[in-house]
Amino acid sequence: MQFTSESVEALVEQFTKLPTIGRKTAQRLANYILKMDEEAVEKIAEALLAVKRKVQRCSTCHVVADRDPCPICSDSKRDPSTICVVEESSDLLAIERTGEYRGRYHVLGGVISPLDGVGPDDLRIRELARRIDPDFASDGDPPPLDAVDADPDGEGLSGGSPSGASATTAGAAGDPGADASPKDASPEERSNGADASSSEDADEGRVNEVILAVNPNVEGDTTAYYISQLLEPFDVSVTRIARGLPIGGDLEYADEATLSRALEGRGDV
Amino acid sequence: MILRSLRLRSFRAHAETGLEFAPKVNLLYGPNGAGKTNVLEAVHYLCLTKSFTASTDRYAVREGAPYFEVEGTVAGVREAPVDVRIVYVPSEGKKVFVNGAPLDRLAEIVGMLPVVVFSPEDYDLTAGGPSERRRFVNNILSQARPVYMDDLLKYRRARKQRNEVLRQYKGRRESPPSSVLKPWTEEIVAIGSRVIQQRHDFLNTFSDYLTDAYRRIEAVAEKPSIEYDTVADVEDLRAAGATTEAESGPPASREAVAAAFRDALDRKRGSEERRGTTLAGPQRDELVFRLDDLEVRRYGSQGQHRTFGMALKLAQFFYLRDRADTDPLLLLDDAFGKLDRRRTDVFLQLLASDDVGQSLITATQHRSFAEALDFETSAHRAFRVDRVEQKARVRPADGGTWDDRAATDIEAGTPDDRDVVPDS
């Protein structure tokens, strides 16, 4: 279709950048906007800008919020000893809607997926570890896991400082020195020295449980495994939400794979 | 299950075709390239959302048409007949509707309408590469156990992710750090050992079905067997498992399989890093078929390959029937073309018997079928498929009215009609 107006064409083009919006839908939206009151269009434009200008991320849990800390992190009635780890802010909202969870959250910003170019360092996993132990890679060192092992030349994902700098913290990571590259500085050093710091702090603000509420797919499984390994040295219990049948769903109509898994993961009555 | 009727719209050579099937044998005969196999493919789309040939969905759309649609009415699956429809639009993909309601996932239909295909390509089951045999096992298990297909798809995804890690670090000429690779290793070990375990347990049960099936078509007292080669010796898996029963199939323990898989990956680690890909796991499984001590792949005669291939498919039929509690639909695509007279007769008798359910057969001629089966009864039906004005035309041809033109047409052959698949 040809447009006689370049502004309309430009608007259509912008709409097609949004997910699930194809060219036809974009044209429909643009035509609709043409017919709307200017006032109403202004409101849309303002709302669009507001989410970019006003909304920020909570510096503790990284949920999108209008203020930092977010209402959940600043709510003293929420139990700080439990952290529920979710992929995105929308997952947090889903769990909030249950009204059953009274702990705090941590938003990862995705899951590990090499095919999408997302490695552990692209997620807020280090930030999670620091909430459990503030000493964890605290001085802005390269991420404790890979940087030392994988990235002696500092050219990888993290772009951090050369190896060795994080010697004391790296050992706290899930898999101490099992695969140190030849260039790496003494793995034994790294594996020792780390465990001491975590138990020192007063119990106030201590995290006892990390609940992994990631999706039950391949990437979610792997991310859960990664986090559980990373947190293993700490005195914190790491759990994962159950998978199975939806409540209100009829057993008869459940898809067989889900039903099989639910059967596999059955529990005592 | 009984496929009562089928409608094809813009599917390959068919612009618009409707068929009403008989409950037992349905013969589609006519010259090459007329669109007989297309009917079987359409049925296969309904059952498994894809063709049994290697071709892609895009080529299934009739040239110049925007989409294809196949609809069938199936009895004997639920209490009332079920209407299943699959629509494919190239830009939007496939959608399956059951009684008008769209399925959330295509995979949900798999197993509901069990199907077994016989074709000349079955020769490759025994003579071809290992992937043919894995495909065979995957096909049966996916239809029999939805959870298997779920595992298989997840395994492929996880392996792809792990390969990507290996590939990326290979590009940087570094070893992937354990913290990055190990989570993926554990994921493919967890899912892959479920796949292996299910294959192992399946093959234990399946070998009895194979022996039975082989006896039905071959009087000679050779005994067929299947050996499963996976990440570790099956014997080892058994030995490490909880049971120590002899031969007849103690299940492999999941832990034993996982440990063996993990070991295999450890051993291959160096090569994996050099080649940037995963080198152990169920994607490298192999099945070794034997007749007594003879390894069919290497030493089988042509006849033995054909018989073994048929026996495998027949065993698949009986296995699926027992799992699904309904007769799987049999699709025989030119399956008799290379069979000798004796085997053909044995097989046609089986198709007419009460031991199997409904079958759809394609052939270039009707003679040997007309002699063996009575198409005057309501149990069987024959269809004459022709190509008229670039379109497939299907007409019921009842016993008395065999179109004699068929025979001459066929002898002459009509090779130029074969290019029916759009090139787009």
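Our subject is the structure listed above.
Every value quoted in this text rests on a predicted model; they were computed, and no experiment measured them.

About the criteria used
Residues numbered from 1 in each chain as written. Chains lettered and ligands numbered in written order. Predicted model: local features only at pLDDT ≥ 70, side-chain atom pairs only at ≥ 80, totals over all residues. Heavy atoms only, no water. Core = buried A, V, L, I, M, F, W, Y, C linked by side-chain atoms within 4.5 Å. Buried < 20%, exposed > 50% of the residue type's maximum accessible area, 1.4 Å probe, protein only. Helix = DSSP H or I, 4+ residues; strand = E, 2+ residues; numbered from the N terminus. Contact = heavy atoms within 4.5 Å. Buried area = accessible area lost by both parts, 1.4 Å probe. Salt bridge = Lys/Arg side-chain N within 4 Å of Asp/Glu carboxyl O. Pairing = 2+ DSSP bridges. Right-handed = clockwise from strand over helix to strand, strands pointing away.

### Here we look at the nonpolar core
In this structure, A:Ile227, A:Leu231, B:Phe206, B:Leu332, B:Phe336, B:Phe347 and B:Leu351 are the most contacted members of the largest nonpolar core, which totals 98 residues. The dominant element in this core, judged by the number of residues it contributes, is helix α6 (residues 178–217) of chain B, at 16 residues. Membership of the second largest hydrophobic core comes to 42 residues, among which are B:Met1, B:Leu8, B:Val39 and B:Phe68.

### Remarks on the interface of chain A and chain B
Listed per partner, the contact involves 31 residues of chain A and 32 residues of chain B. For the pair chain A and chain B, the summed buried surface comes to about 2,600 Å²; carbon and sulfur atoms form 55% of the total. When the buried surface of chain A facing chain B is broken down by residue, A:Pro114, A:Leu115 and A:Val218 rank first, second and third, together holding 22% of it. On inspection of chain A and its partner chain B, the count reaches three salt bridges. Taking the shortest distance from any N to any O, the salt bridge between B:Asp150 and A:Arg261 comes out at 3.3 Å.

### Here's the deal with the pairing of strand β12 (residues 329–333) of chain B
All names here are of chain B. For β12, a buried count of five out of five residues is recorded, marking the element as mostly surrounded by other parts of the structure. Here β12 shows no split at all, with Leu329, Leu331 and Asp333 on one side and Leu330 and Leu332 on the other all buried. Examined bridge by bridge, strand β8 (residues 115–118) and β12 share four bridges and lie parallel to one another. Opposite Val116, over in β12, you have Leu330 as the bridge partner. The pairing of β12 with strand β13 (residues 359–363) spans four bridges and is classified as parallel. Residue pairing for β13: Leu332 is matched across the bridge by Ile361. Taken together, β12, helix α11 (residues 341–352) and β13 form a β-α-β motif whose crossover is right-handed.

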